[in-house]
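So you can see what is in the structure, the chains are spelled out below.
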Amino acid sequence: MNTYDKQNMLKRALAEVVGDQYVTTDKMTVFAYSQDASLFGGTDAAVVVRPGSTEEVSKIMKCAYHHAVPVVVRGGGSSIYGQPKGIPGSNVLLDMTRMNKILDINKQGMTVCAQAGIMMGKLQQACNQAGFYIFVPAAPFHTVSLGGWLSGAAGGGGIWWETISVTVVLPDGTIVKTGGGPGTNTRLKHHYSRVIGGPDFTGMFIGDGGSFGVKTEVAIRLLGLPHITRACILEFLELEHVLELIRRHGERVNPHPFDPLLVFGPGATEIFSPGSEGVEKFTIMAIMQGHTEREMDAKKDIFNDIAESLGGTHTAELDAITDLMAGGGEAEEKMEMFGLSFFNGLGLAAWLPFNIPRVSFLEIYPKLVAWREERLAEATKKGFECRARFEFFTPSDQCAVSGEVDAFFKDTDSPELREFIKDMILDYQKYTHELGLLDVYNQGVMSRLNAACWSPGFKSLHTTVKKALDPKGILNPGLWVET
Ligand SMILES: Cc1cc2nc3c(=O)[nH]c(=O)nc-3n(C[C@H](O)[C@H](O)[C@H](O)COP(=O)(O)OP(=O)(O)OC[C@H]3O[C@@H](n4cnc5c(N)ncnc54)[C@H](O)[C@@H]3O)c2cc1C
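Residues numbered from 1 in each chain as written. Predicted model: local features only at pLDDT ≥ 70, side-chain atom pairs only at ≥ 80, totals over all residues.

### As for the sheet that holds strand 2 (residues 45–49)
- Judged by pairing direction, the sheet is mixed, and its four strands sit side by side in the order 1-2-4-3 without closing on themselves. Both outer strands of the open sheet, strand 1 (23–24) and strand 3 (71–74), are each paired with one neighbouring strand and no more.
- When strand 1 meets strand 2, the two strands line up antiparallel, connected through two bridges. Its bridge partner lying in strand 2, V23 is registered against V49.
- Relative to strand 2, helix 1 (residues 3–18) is tilted by about 10°, and along the sheet it contacts strand 1, strand 2 and strand 4 (91–95). (Pairing = 2+ DSSP bridges. Helix = DSSP H or I, 4+ residues; strand = E, 2+ residues; numbered from the N terminus. Contact = placed C-beta atoms within 7 Å. Axes fitted to C-alpha atoms, helices over the stretch in contact; angles between N-to-C directions.)

### Remarks on the packing of helix 1 against helix 3 (residues 54–67)
- Packing of helix 1 against helix 3 brings their axes to within 9 Å, and their N-to-C directions diverge by 160°. Considered as vectors, helix 1 and helix 3 are oriented roughly antiparallel to each other. Classified by chirality, the crossing of helix 3 by helix 1 is right-handed. Residues A13, L14, V17 and V18 of helix 1 form the contact with helix 3, whose participating residues are E56, K59, I60 and C63. (Parallel < 35°, antiparallel > 145°, perpendicular 65-115°, else oblique. Left-handed = near helix turned anticlockwise from the far one by under 90°.)

### Re unusual backbone geometry
- Residue H256 is joined to P257 through a cis peptide bond whose omega torsion reads 5°.
- Assignment of secondary structure puts P257 in the loop between helix 7 (239–252) and strand 13 (261–264).
- Phi is positive for M110, close to 55°, though the residue is something other than glycine.
- Accessibility expressed as a C-beta count within 10 Å gives 14 for M110, which makes it partly exposed.
- Although it is not a glycine, N476 adopts a positive phi angle of roughly 45°. (Buried ≥ 20, exposed ≤ 12 C-beta atoms within 10 Å, placed from the backbone.)

### Observations concerning the environment of R418
- With respect to the helices, strands and loops of the structure, R418 is situated in helix 13 (residues 415–434).
- Take R418: there are 15 C-beta atoms within 10 Å of it, and that puts it in the partly exposed class.
- Sequence spacing of R418 and H314 is 104 residues, and the spatial spacing of their C-alpha atoms is 40 Å.

### Examining the sheet that holds strand 9 (residues 175–177)
- With respect to topology, five strands assemble into an open sheet ordered 5-6-10-8-9, the strand pairing being antiparallel. The strands lining the two open edges of the sheet, one partner per strand, are strand 5 (102–106) and strand 9. Averaged over all neighbouring strand pairs, the angle between strand axes comes to 10°, with direction disregarded.
- Note: strand 6 (residues 111–115) against strand 10 (residues 214–221), five bridges, orientation antiparallel. Bridging across to strand 10, Q115 finds its partner in E217.

### Comments concerning the site of the ligand
- Within the structure, the ligand sits among 36 residues, and G75, G147, G148, G152 and G210 are positioned closest to it.
- Broken down by secondary-structure element, the contributors of at least two residues to the shell around the ligand are strand 3, helix 5 (146–152) and strand 10.
- In terms of residues, the shell around the ligand owes the most to one element, helix 5, which gives five residues.
- Split by domain, the shell around the ligand shows at least three residues from each of two domains, domain 1 (3–97) and domain 2 (102–224). (Near = placed C-beta within 6 Å. Domains from an automatic or database assignment.)

### Quick word on the pairing of strand 17 (residues 386–395)
- Two elements, strand 13 and strand 17, share two bridges in a ladder whose sense is antiparallel. Following the sheet pairing, V263 is matched in strand 17 by F393.
- In terms of strand pairing, strand 17 meets strand 18 (residues 400–409) through nine bridges, oriented antiparallel. Each bridged residue has a counterpart across the sheet, and for F390 the counterpart in strand 18 is D406.
- Taking the residues between adjacent antiparallel strands as the criterion, strand 17 and strand 18 are bridged by four residues.

### Let's talk about helix 7
- Between the first and last C-alpha of helix 7 there are 20 Å, a value that for 14 residues agrees with the 20 Å anticipated at 1.5 Å per step.
- Turning to helix 7, its buried residues are V242, L243, L245, I246 and H249. The buried residues of helix 7 occupy one face: seen down the axis, they fall within an arc of 155°. Summarising the geometry of helix 7, the exposed residues directed more than 90 degrees from the buried face are E240, E251 and R252. (Expected span 1.5 Å × (residues − 1). Arc of directions from axis to C-beta.)

### Structural notes on the nonpolar core
- Judged by nonpolar contacts, the single largest core of 107 residues is most densely connected at V47, V71, V92, L94, L146 and I284.
- Every residue in contact with V71, bar those within four places of it in the chain, is listed here: M61, A64, N91, V92, L94, I474 and L475. (Core = buried A, V, L, I, M, F, W, Y, C linked by C-beta atoms within 7 Å.)

### Observations concerning the domain arrangement of the protein
- Structurally, the protein comprises domain 1 (3–97), domain 2 (102–224) and domain 3 (228–434).
- Each of domain 1 and domain 3 was reduced to a C-alpha centroid, and the two centroids are 37 Å apart.

### Considering the packing of helix 13 against helix 14 (residues 444–451)
- Following both chains from N to C, one finds helix 13 and helix 14 inclined at 25°, their axes separated by 11 Å at the closest point. In terms of axis orientation, helix 13 runs roughly parallel to helix 14. The crossing of helix 13 and helix 14 is right-handed. For the pair helix 13 and helix 14, contact is made by L426, Q429, K430 and H433 and by V445, M446 and L449, respectively.
- Considering only residue class, the contact of helix 13 with helix 14 consists of four nonpolar, two polar and one charged. (Nonpolar A, V, L, I, M, F, W, Y, C, P; charged D, E, K, R; others polar.)

Encoded structure:
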């Protein structure tokens, strides 16, 4: 059978599962999936299929497994390191975005269960309307899907610990429910714990880049929606003092998700208040979200006392922003919308993220900034215009600090600039690995860079699990493979 006949046969088989309207080999449509939000690109697919239920995904995987056809899963396509390439030209592309329903918000049990293709913004809105809070990624929450976020961005702050259960379709089509709920006790209807009744298989599917199985449904524990927001914004001149502030903050409260500390470096400060160029200062924004004015005022007073004792200073401009932010529950949503347009406006991004153990931050962070500056000097020599630098970091918990030291270039049609930025992103990550770091993103080209750091034991465990679940290597092939 030639390639054309094979593709047609596959298309017909898939159409029997999802219906004609949700499967296509149309060249324009397929081309759209070869693009994504990154400079590294999407997937070259033979067929695109858009399932609507776990059962449909299971039937698709059974069919692909039987014919040993590669399958690449796609959520919102917002990966900053590109999509899995699979086997270019032969892939069945599983577009999960039709699976976007909220299945249950259990107000009494404080859980939400949703299909994995739902966008985080839609999930957040539904939870908020029901009086609950769910953490979402800072900027692109209208394009990041629940399944894509759980699979691909498993470092830093997220909803990893709140995730109780995932329903996963394994490469051979088997449906699995993880977590101590209906998966481990077939008589139980509700998810309520992650670890009872069996090992923590939920964790195994978080950060796998989608290579162990297709996530179709997720149950997450909820928190009450905080209606009151307070902020303290101060300036610091010494990185050492910022670090001490982070330590003392983390000693008192869990910074994630209701008491985040956002730290903006000199480049970011210059974007927010032009004119401060050359001044090495850090702007700290402590956000407190909670349920009563008294609770928030007390938190704010305590934080201000600590920050001032470490040399933090207030300015009239920052105090005015602080007052504006004491707006109420929807303040966070406004900030996220601001974030979305903000990054788009800066230019073509060289995303340079990091995740550093808090105890090594003081030693490592200046090296990352120095590395970026060296590369930007090279860019200038080549005639590329850097329009902005953006340094940001936040304690994701007591142990780790996540952030970025990005650079934004004036966008042009120059393919050389795009290649330069791609190299910059990859070389930067290789440098962070030399310093003993790992990136937070388990996706695209980053997966193989991370895999190159694995110890023999970890690598062997990963190979064993992958081979057991996917003996024919059909799901997201190529991910995590070192080249
Ligand atoms: C401008 C910008 C800013 C960002 N800011 C943040 C931020 O502040 N915080 C943050 O955490 N992240 C951030 N991200 C990264 C983003 O959250 C992650 O890349 C996330 O993984 C993207 O989700 P997605 O649905 O778009 O997944 P995709 O890009 O479609 O896929 C990512 C990976 O997940 C796999 N996958 C997708 N869906 C499933 C599924 N249902 N089952 C199994 N595997 C699946 C894919 O095969 C792929 O390997 C940012 C990205 C951009 C472009």
